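Structural overview for review
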Amino acid sequence: MLEEAVIEYLKITQTLDMFGVTYFKVKDKKKTELWLGVDAFGIKIYPKDNK
């Protein structure tokens with residue numbers, strides 16, 4: 001029963017945009033601060049105010 005609940009929880013959380021993302025502060029060529037997000041599906045770039 002507990003294992004089923006954990007599996008269901010993981011299925012739900014994997015659908016969330018920010019699940020399992022590790023963030024790094026970066027700057028682009030214009031010195032704009034951004035977040036570089038790395039997860040199991042790839043790399044994404046977010047504005048500084050949208051972590």
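Above this note sits the structure.
Now for a quick tour of the structure. (Residues numbered from 1 in each chain as written. Predicted model: local features only at pLDDT ≥ 70, side-chain atom pairs only at ≥ 80, totals over all residues. Heavy atoms only, no water.)

A closer look at unusual backbone geometry
What counts here: Helix numbering and strand numbering both begin at the N terminus, where a helix is a DSSP run of H or I of at least 4 residues and a strand a DSSP run of E of at least 2.
Even without being glycine, K31 reaches a positive phi, approximately 70°. Checked against the element boundaries, K31 lands in the loop between β1 (22-27) and β2 (33-39).

Comments concerning the sheet that holds β2
Stated precisely, the cut-off is as follows: Pairs of strands are assigned from DSSP output, requiring at least two bridges between the strands. For every element, the axis is a line fit to its C-alpha atoms; helices are fit only across the contacting stretch, and the angle between N-to-C directions ranges from 0 to 180 degrees.
The strand order across the open sheet built from three strands is β1-β2-β3, with neighbouring strands paired in antiparallel fashion. Each edge of the open sheet carries a strand with a single partner, namely β1 and β3 (42-47). The sheet shows a mean angle of 30° between the axes of neighbouring strands, direction not considered. As defined by bridge partners, β2 adjoins β3 across six bridges and the pair is classed as antiparallel. The residue of β3 that forms the bridge with L34 is P47.

Looking at the environment of L16
As a reminder, the rule being used: Accessibility here uses a 1.4 Å probe with only protein chains present; expressed as a share of the type maximum, an area under 20% marks a residue as buried, one over 50% as exposed, and anything in between as partly exposed.
On the secondary structure map, L16 appears in the loop between α1 (2-13) and β1. With relative accessibility at 52%, the residue L16 sits in the exposed group. Along the backbone, L16 and A40 are 24 residues apart, and their C-alpha atoms lie at a distance of 13 Å.

Quick notes on the packing of aromatic side chains
Heads up, the rule is: Two aromatic rings from Phe, Tyr or Trp, using only the six-membered ring of Trp, form a pair when their centres are within 6.5 Å; if the ring planes differ by under 30 degrees the pair is stacked, by over 60 it is edge-to-face, and anything between is tilted.
Per the counting criterion, the structure on display carries two aromatic pairs. Here Y23 and W35 contribute two aromatic rings whose centre-to-centre distance is 6.1 Å and whose plane-to-plane angle is 75°, an arrangement assigned as edge-to-face. Highlighted residues: Y23 in strand β1 and W35 in strand β2, separated in sequence by twelve residues. Here Y23 and W35 have matching classes, each one buried. Among the aromatic residues, those joined into a cluster by ring pairs are Y23, W35 and Y46.

Focus: the environment of P47
Under the convention used in this document: Note on contacts: a residue pair qualifies if any of its non-hydrogen atoms lie within 4.5 Å across the two residues.
In this fold, P47 is placed in strand β3. A relative accessible area of 40% places P47 in the partly exposed class. When the C-alpha atoms of P47 and L34 are compared, they prove to be 4.9 Å apart, with 13 residues separating the residues in sequence. Among residues more than four places away in sequence, those in contact with P47 are L34 and W35.

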